[in-house]
Amino acid sequence: MTPDAGSAHASTDAERATAVVVLGAGRSGTSALTRGLTALGVDLGNKQRAAGGKNPTGFFEDRDVLAIAQRLKKTLGIRGHNLALLGDDVWREPAVESLAANGAQTLARRFANSELWGFKYGRTLRTLPFWQDLLDRMQVEARYVVALRNPLSVARSRARLNPMRGHQAWSDLEWLVNVVPYFDRIAGAPVSVVDFDRLIADPEAQLRRVARDLSLPIGAAEASAIDDYAEAFVQADRPRSRYTRDDLAADPGVNRWVTEGYAMLDAVAGDERALDAAFWRDWSALNAAVHDLAPVLTELDAVNRQRLRARWNPVSPVASARQAFRDWRSR
């Protein structure tokens, strides 16, 4: 998808603004990481979703971004638990492109005065082609921060909210479809991969890594804000479980492709590996393996729809009584 003549125009090339986009699977610390970006001078907007529910310390999601994301989900017909892979053709659908154009105009107005701004939404990586098109229409440079968490911890965190989606096998499939298919679209852009456990253990070091990777300056104001983040916010967001790469590899219940994908990204988060040509070759093989699962993922969605329909749409008592009366009269 490419910008059209009517696209929102936020700046000239010489004054091009920068958008920091937070990516990551659900329950991977995206909110905690996004909050940390404010310490680096990233403007998250002044229309934040209220804290509560599954994120009592805050979501740090802009309501305009959320509105765009919700319309996109409705247009694509997907929900958080869906596993079916999205075909490349969906991004060229007129309704999707129209939404990208309108969304670009909305965010261009919202962040017109911000040279450095950013946003987070839980399924941005799953729908990354849409968001890249939107940012292209704004003529904004995109830089990316990837929130990473051990999939064993992800499943346990999810299980506290939704036992079915917290099953390791199901959680792993959600991890794959949300992380793998479009991750290679950020190749060549400034990217920082941040492990949640490392962020909690040493927030200052991790935010400085983000600044290094994204070429963001750290002055006195940023240094002070980083200290505040480390001393106040992170202390309130301590994880309940911590697992290593070895723990994941040793667990027979974990999906093999999840183990491989997480190990690759964790090596980047630990500065053991770079996002270089060798990394992207390995990721291409992983991507192919996930796409081989496409028929199974589509079938699982169909089975899950039937299960949920039976569970949440039982025949009402009134309907049952009416049917019983009709049966009695027909005797």
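You'll find the structure just up there.
First, a word on what this report is: a plain description of the structure on this page. (Residues numbered from 1 in each chain as written. Predicted model: local features only at pLDDT ≥ 70, side-chain atom pairs only at ≥ 80, totals over all residues. Heavy atoms only, no water.)

Helix and strand counts for the protein come out as 14 helices and four strands. Burial status across the protein gives 49% buried among its 331 residues. Nonlocal contacts in the protein, meaning residues at least 24 apart in sequence, comprise 78% of its contacts between residues at least 6 apart. Total accessible area on the protein stands at roughly 15,800 Å², and carbon and sulfur atoms take up 50% of it. (Helix = DSSP H or I, 4+ residues; strand = E, 2+ residues; numbered from the N terminus. Buried < 20%, exposed > 50% of the residue type's maximum accessible area, 1.4 Å probe, protein only. Contact = heavy atoms within 4.5 Å. Areas by Shrake-Rupley, 256 points an atom, 1.4 Å probe, with all protein chains shown as cover.)

Among the eight residues that make up strand S3 (residues 141-148), seven are buried, leaving the element largely enclosed by the rest of the structure. Sheet analysis places strand S1 (residues 18-23) next to S3, joined by six bridges and oriented parallel. Of the residues in S3, the one forming a bridge with Ala19 is Ala142. (Pairing = 2+ DSSP bridges.)

Our next topic: the pattern of salt bridges. Applying the stated rule across the entire model yields 20 salt bridges. Residue Arg208 is joined to Glu204 by a salt bridge in which the shortest nitrogen-to-oxygen separation is 3.3 Å. Pair noted here: Arg208 and Glu204 are both in helix H8 (residues 203-214), with a separation of four residues, about one helical turn. Here the salt bridges share partners, and the residues they tie into one network are Asp195, Arg198, Arg245, Asp266 and Glu272. (Salt bridge = Lys/Arg side-chain N within 4 Å of Asp/Glu carboxyl O.)

In this section: helix H5 (residues 151-159). For the α-helix, the turn length of 3.6 residues means that residues three or four positions removed from each other point alike. Burial runs high along H5: seven of the nine residues are buried. Buried within H5 we find Pro151, Leu152, Ser153, Val154, Ala155, Ser157 and Arg158. Sitting at the head of H5, Asn150 places a side-chain oxygen 2.9 Å from the backbone nitrogen of Leu152. (Polar contact = N/O pair within 3.5 Å; in protein donor to acceptor, adjacent residues only side chain to side chain.)

This part is about the pairing of S1. Looking along a regular strand, one sees side chains alternate from face to face of the sheet. Extensive coverage of S1 is indicated by the burial of six of its six residues. Residues Thr18, Val20 and Val22 of S1 are buried on one face, and the alternating residues Ala19, Val21 and Leu23, pointing to the opposite face, are buried as well. Pairing analysis gives five bridges linking S1 to strand S2 (residues 116-120), with the strands arranged parallel. When the sheet's bridge partners are listed, Thr18 is paired in S2 with Leu116.

The next subject is the sheet that holds S2. If you walk across this open sheet you meet the four strands as S2-S1-S3-S4, and the pairing is parallel. Two strands lie at the open edges of the sheet, namely S2 and strand S4 (191-195), each paired on one side alone. When the angles between neighbouring strand axes are averaged without regard to direction, this sheet yields 20 degrees. In this structure, S3 lies alongside S4, joined through five bridges in parallel fashion. (Axes fitted to C-alpha atoms, helices over the stretch in contact; angles between N-to-C directions.)

So, about helix H1 (residues 30-37). Across the eight residues that make up H1, a large majority, seven, are buried. Listed as buried for H1 are Thr30, Ser31, Ala32, Leu33, Thr34, Gly36 and Leu37.

Attention shifts here to the packing of aromatic side chains. Under the definition given, this model contains nine aromatic pairs. Judged by centre distance (5.9 Å) and plane angle (75 degrees), the rings of Trp91 and Tyr182 are edge-to-face. Residue Trp91 is found in the loop between helix H2 (63-76) and helix H3 (94-110), and its partner Tyr182 is found in the loop between helix H6 (168-179) and S4; the two are separated by 91 residues along the sequence. A centroid spacing of 4.4 Å and a plane angle of 10 degrees characterise the contact between Phe111 and Trp117, whose relative ring orientation is stacked. A connected cluster of aromatic rings, assembled from ring pairs, spans Phe111, Trp117, Phe119, Phe130 and Trp131. Above the face of the Phe111 ring, Arg110 is positioned so that its terminal group lies 5.1 Å from the ring centre. (Phe/Tyr/Trp six-rings, centres within 6.5 Å; stacked < 30°, edge-to-face > 60°. Lys NZ or Arg CZ within 6 Å of the ring centre and 35° of its normal.)

With that settled, the discussion passes to unusual backbone geometry. With glycine set apart, most residues show a phi of negative sign, and most peptide bonds adopt trans. Even without being a glycine, Ser215 presents a positive backbone phi close to 55 degrees. Tracing the sequence through the fold places Ser215 in the loop between H8 and helix H9 (220-233). Phi angles above zero are rare outside glycine, and Asp271 is one such case at about 60 degrees. Locating Asp271 in the fold gives a position in the loop between helix H11 (256-269) and helix H12 (277-292). You can call Asp271 partly exposed: its relative accessible area is 45%.

Before going further, it helps to examine the environment of Arg92. Looking at the element boundaries, Arg92 is found in the loop between H2 and H3. On a C-alpha basis, the gap between Arg92 and Pro129 in space is 9.9 Å, while along the polypeptide they are 37 residues apart.

Next up on the list: the packing of H5 against H6. Closest axis-to-axis distance for the H5/H6 pair is 9 Å, and the angle between their directions is 115 degrees. Comparing their axes, H6 and H5 come out roughly perpendicular. Once H5 is placed against H6, the crossing between them reads as right-handed. For the pair H5 and H6, contact is made by Pro151, Leu152, Val154, Ala155, Arg156 and Arg158 and by Gln168, Ser171, Asp172, Glu174 and Trp175, respectively. A breakdown of the residues in the contact of H5 with H6 according to their chemical character gives five nonpolar, two polar and four charged. (Parallel < 35°, antiparallel > 145°, perpendicular 65-115°, else oblique. Left-handed = near helix turned anticlockwise from the far one by under 90°. Nonpolar A, V, L, I, M, F, W, Y, C, P; charged D, E, K, R; others polar.)

For the rest of this paragraph, the subject is the side chain of Ser171. On the secondary structure map, Ser171 appears in helix H6. On the basis of relative accessibility, which here comes to 3%, the residue Ser171 falls in the buried class. In this view, Ser171 contacts Val154, Ala155, Arg158 and Arg165; residues no more than four positions away in its chain are not counted.

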